[in-house]
Amino acid sequence: MPKVSMTVNGKNVSAEVEGRTLLVQLLREKLGMTGTHVGCDTSQCGACVVHVDGKSVKSCTMLAVQADGAKITTIEGLATGNDLHPMQAAFKEHHGLQCGFCTPGMVMSAVELAKHNSNPSEHEVREWLEGNICRCTGYHNIVKAVQAGAKAMAAAK
Amino acid sequence: MAVDGIGAAVKRKEDFRFLTGRGNYTDDLARPGQAHAYVVRSQAAHATLGKIGTAKALKAPGVVAVFTGADLAADNIGGLPCGWGIKNKDGSAMHEPAHPVLAVGKVRHVGDPIAVVIAETLAQAKDAAELLDIDMKELPAVANMREALKPGAPVVHDGGSGNVCFDWHLGDADAVAAAFKKAHKVAKIDLVNNRLVANAMEPRAAVGEFDRATGEYTLYTTSQNPHVIRLLMGAFVLHIPESRLRVFAPDVGGGFGSKIYHYAEEAIVTWASAKVGRPVKWTAERSESFLSDAHGRDHVTHAELALDKDGKFLALKVDTLSNMGAYLSTFAPAIPTYLYATLLAGVYTTPAIYAEVKAIFTNTVPVDAYRGAGRPEAAFLLERLVDIAAAEMGMDRVEIRRRNFIPSNAFPYQTPVALQYDSGDYNATLEGALKLADYKGFEARRADAKKRGKLRGIGISTYVEACGIAPSNIAGALGARAGLYECANVRVHPTGSITLFTGCHSHGQGHETTYAQLIAERLGVGLDQIEVSHGDTNKIPFGMGTYGSRSLAVGGTAVVKALDKIVDKAKKIAAHLMEAAEADIEFKDGKFTVAGTDKAKTFGEIALTAYVPHNFPLDKLEPGLDETAFYDPKNFTFPGGAHICEVEIDPETGVTKVVNFTAVDDVGRVINPMIVEGQVHGGVAQGIGQALYENCVYDDNGQLRSGSYMDYQMPRADDLPSFKVATAITLCTHNPLGVKGVGEVGAIGSPPAVINAVVDALKDHGVRHIDMPASPQKIWGIINGNRRMAAE
Ligand code: FES
Ligand code: FES
């Protein structure tokens, strides 16, 4: 079996994987990092979004071997101890989550949007999140949270 | 009021773990030594099932075991039970065929489980499944209800009358016939309430584990009601006493009804864990969810409304076909009957109503409750029919509603279809919505849209629903095979922190916060001192779970009742400590005082005394401060409201955009307005999804054509607007908090508002009705006079 090495949330990890093992399977099953979720089998829902070398990626759509040598950030890597990342804090403040299942992917997608655009319009947020499905919130509060989170991220720089 | 008590928009206690990836969902569990199960499912909608050869699969790498229906039968495993019995018009019982855990002799829908392969890894289990030798002969299938009723149609279950599960009715047929004779006008409609898939974002999962030392089974499962699963699976399927069966539903990623039912996979992993001597885990892939989660809605209805010359409703008659799918899911028979026909008075004074409902078996996935469950079907029917009636009468759509509303001074109001509404003010919610939506300014917006080449329409829906499920005696008389009370255990710990054990289950509703607010309000304790525990049958005394918007009206009242007992006992302890009469003790803001003195004890001091009873009336009182209450509601609760939708249609493409959506709801007293608004947002999004996007489609051979997110259109962020939501409340009169329920209102009120708006936008094209979902194809067909596309 091929061996892959990468950094996940700043830690070096390596594991033996099958060729068909997906990045999300490596994270959840081999590394026990279950914050990243799987909501579909057709790359539609975005519950699995992580950052690969700083870019948001659906980790169900990437083979673990493709991530060899990459720098991965997952939802577990955003907060500093008990201090939430500004985007996480904005989701809490604006009630941008209910069951929490889509939340890791939503937050990771939103963080990348905020890196490009510190003051996104409602329209820009909705377009950006088109690949992340939430069944609970109707997106209303997610949009508010992402706008506030983007501003907070810019202010914290 | 305590700062964090009733009415405060407290931020949620549960958010930290969800936001940091520390949620604990069933698929996150990795039990030591666990093996993985893959469920082999029928790809045919209807077929005979002969021998299943397992020899090759058993030899495949990593395979631990393969089980089929024959193995279950050898262990005397029962079928999946149905929790509600309906009587036919003639008083006979409904047709209730067996629902085997793994198919025996026949498969009846695509996705029907045939066998389970258990292996070291899921990939190995899937590989081995390819090696099964399954002897199947395909039979003609039927997916459409009207086809299923035709003579000579394929029969899904032998032993009944064709494919009819039950033929039921409610109301006064003679009174309705008499009223129709006097009618000035009759408004008619034929409609379809489209089949939906709940699609909670977390797919179902289950892990079974058997403890050889104690003989105890544990099932970890994605359930809205773990005690119900323990009862059904233990008593009817696996024959395990409750005392040796633990069901734990940890964090659950949304339910919307689909996680109420007892599913085959739960029984399979629990039973198999003892067979193979290891924990067994199963997780649905999304395409499996489409084939195995109970679906929702799926009605075909003809209805007629008789009106007098002033536009007053005289009588309503309704004829509905309701699809049960291939087997009866846990609560399926209750949905198109007691949660649908009983709501057909709606918010109106219609004096005579008669409804006939035929439930039909087809070769499709079983259908059961989905957010709203029966009530959205009733609201959609009524609110479409009322708009059609307004058009027939040449009346204004607002005016016809006002003229027929049950007046606010008429409560309690007995409808002709069994329910007694306790409170409501339908004018208040309508006025609120008209204002918030700037209804008056609409024609200007329509004209402006026209200049931009868009067709703009506005639609109203005024609805009531029945939730807070349910008074056990009434439910029992109507066919329920369970009680529907709720249980709460408030445990005050020696140092004054508190754990609430509730039989309800939170899968997005924010119970950990809302219930904590109830406790903070009553006991004057900080929210950080309160933990809410749910989901584990080994911790919680009992419970019926969360569905039917019951967690506050029923579950919350149980909490209040337990708190009553806590305060009662605490007062006795305080009276003893302060050497005062119990009647003189007052309790406020976390302090016990003696009237007319400056003597005081804090809640914490009382808690400590209860557990360190050195100075304690031990002759009269037991130590400890830990109280349990069961609460059985006196009636349903009746949230209602008005939803107003504004759409713009692009005539070039037929695409409809919801440009404004306003909801003013009466949900009773609001404990946490932030959470209440969030519930309405989510419900409205699902309602708009039903109206414009979502559709579960079978072809004539029973193949599911919308089996993934590529084909089943979930509402996405860029499909929806932000919503305007508000409340205009009246209090529930029969529970101490005055609460009604909010979980389902959004999904109940919104679909007719959307379709009424679409029909309004197309009014120059001669449209009376358009079935859901109002897809671009249908609308383009209507605009361009293409009948085939318009009917798709
Ligand atoms: S799991 Fe759905 S997109 Fe990755
Ligand atoms: S919060 Fe439940 S799916 Fe988004």
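Residues numbered from 1 in each chain as written. Chains lettered and ligands numbered in written order. Predicted model: local features only at pLDDT ≥ 70, side-chain atom pairs only at ≥ 80, totals over all residues. Heavy atoms only, no water.

## Here's the deal with the side chain of Arg230 of chain B
Residue and element names in this part refer to chain B.
Step number 1: As for its placement among the helices and strands, Arg230 is situated in helix 7 (residues 226-238).
Step number 2: Summary of buried charges: Arg230 has no salt-bridge partner, and the nearest side chain of opposite charge, Glu242, is 5.3 Å away.
Step number 3: Not counting the four nearest positions on each side in its chain, Arg230 is found in contact with Ala235, Glu242, Leu245, Val247, Thr537 and Phe542. (Helix = DSSP H or I, 4+ residues; strand = E, 2+ residues; numbered from the N terminus. Buried < 20%, exposed > 50% of the residue type's maximum accessible area, 1.4 Å probe, protein only. Lys, Arg positive; Asp, Glu negative; His and termini not counted. Salt bridge = Lys/Arg side-chain N within 4 Å of Asp/Glu carboxyl O. Contact = heavy atoms within 4.5 Å.)

## Digging into the nonpolar core
Step number 1: Counting residues in each nonpolar core, the largest one holds 191 residues, and the members touching the most others are Phe91 of chain A together with Tyr421, Phe661, Ile688 and Val758 of chain B.
Step number 2: Counting residues per element, this core draws most heavily on helix 10 (residues 375-393) of chain B, which supplies 11 residues. (Core = buried A, V, L, I, M, F, W, Y, C linked by side-chain atoms within 4.5 Å.)

## Examining the domain arrangement of chain A
Residue and element names in this part refer to chain A.
Step number 1: The domain boundaries assigned to chain A delineate domain 1 (3-77) and domain 2 (86-156).
Step number 2: The distance between the C-alpha centroids of domain 1 and domain 2 comes to 21 Å.
Step number 3: Facing the 17 residues of domain 1 at the interface are 15 residues of domain 2.
Step number 4: Summing both sides of the interface, domain 1 and domain 2 together bury roughly 1200 Å²; the carbon and sulfur share of this comes to 58%.
Step number 5: Counting the surface domain 1 buries against domain 2, the share from its top three residues, His37, His51 and Ile75, is 39%. (Domains from an automatic or database assignment. Buried area = accessible area lost by both parts, 1.4 Å probe.)

## Thoughts on the interface of chain A and chain B
Bring the parts together and some accessible area is lost; that lost area is often taken as the interface size.
Step number 1: Taken together, the contact pairs 47 residues of chain A with 53 residues of chain B.
Step number 2: When chain A packs against chain B, close to 4200 Å² is buried across both sides, 55% of that on carbon and sulfur atoms.
Step number 3: Here chain A is connected to chain B by 5 salt bridges.
Step number 4: Arg28 of chain A is paired through a salt bridge with Asp28 of chain B; the nearest N and O atoms lie 2.8 Å apart.
Step number 5: Between chain A and chain B we count 28 residue pairs in polar contact (both at pLDDT 80 or more) in total.
Step number 6: Contributions of two or more residues to the side of chain A that touches chain B are made by helix 2 (86-93), helix 3 (103-116), helix 4 (122-128) and helix 5 (140-156) of chain A.
Step number 7: It is helix 2 of chain A that contributes the most residues to the side of chain A that touches chain B, 4 residues altogether. (Polar contact = N/O pair within 3.5 Å; in protein donor to acceptor, adjacent residues only side chain to side chain.)

## Quick look at the packing of aromatic side chains
All names here are of chain B.
Step number 1: Counted by the stated rule, this structure contains 22 aromatic pairs over all chains.
Step number 2: Arranged with centres 4.6 Å apart and planes meeting at 50 degrees, the rings of Phe210 and Tyr217 form a pair that is tilted.
Step number 3: According to the relative accessible area criterion, Phe210 is partly exposed, its value standing at 27%.
Step number 4: Tyr217 sits in the buried class, given a relative accessible area of 15%.
Step number 5: Ring geometry for Tyr421 versus Phe638: centroids 4.9 Å apart, planes at 50 degrees, classification tilted. With Tyr421 in strand 19 (residues 420-421) and Phe638 in the loop between strand 27 (626-631) and strand 28 (640-650), this pair connects stretches of sequence that are 217 residues apart.
Step number 6: On the accessibility criterion, Tyr421 (0% relative accessible area) is buried.
Step number 7: Look at Phe638 and you get buried, because its relative accessible area is 1%.
Step number 8: When the ring centre of Phe18 is taken as origin, the NZ or CZ atom of Arg17, which lies over that ring, is 4.7 Å away. (Phe/Tyr/Trp six-rings, centres within 6.5 Å; stacked < 30°, edge-to-face > 60°. Lys NZ or Arg CZ within 6 Å of the ring centre and 35° of its normal.)

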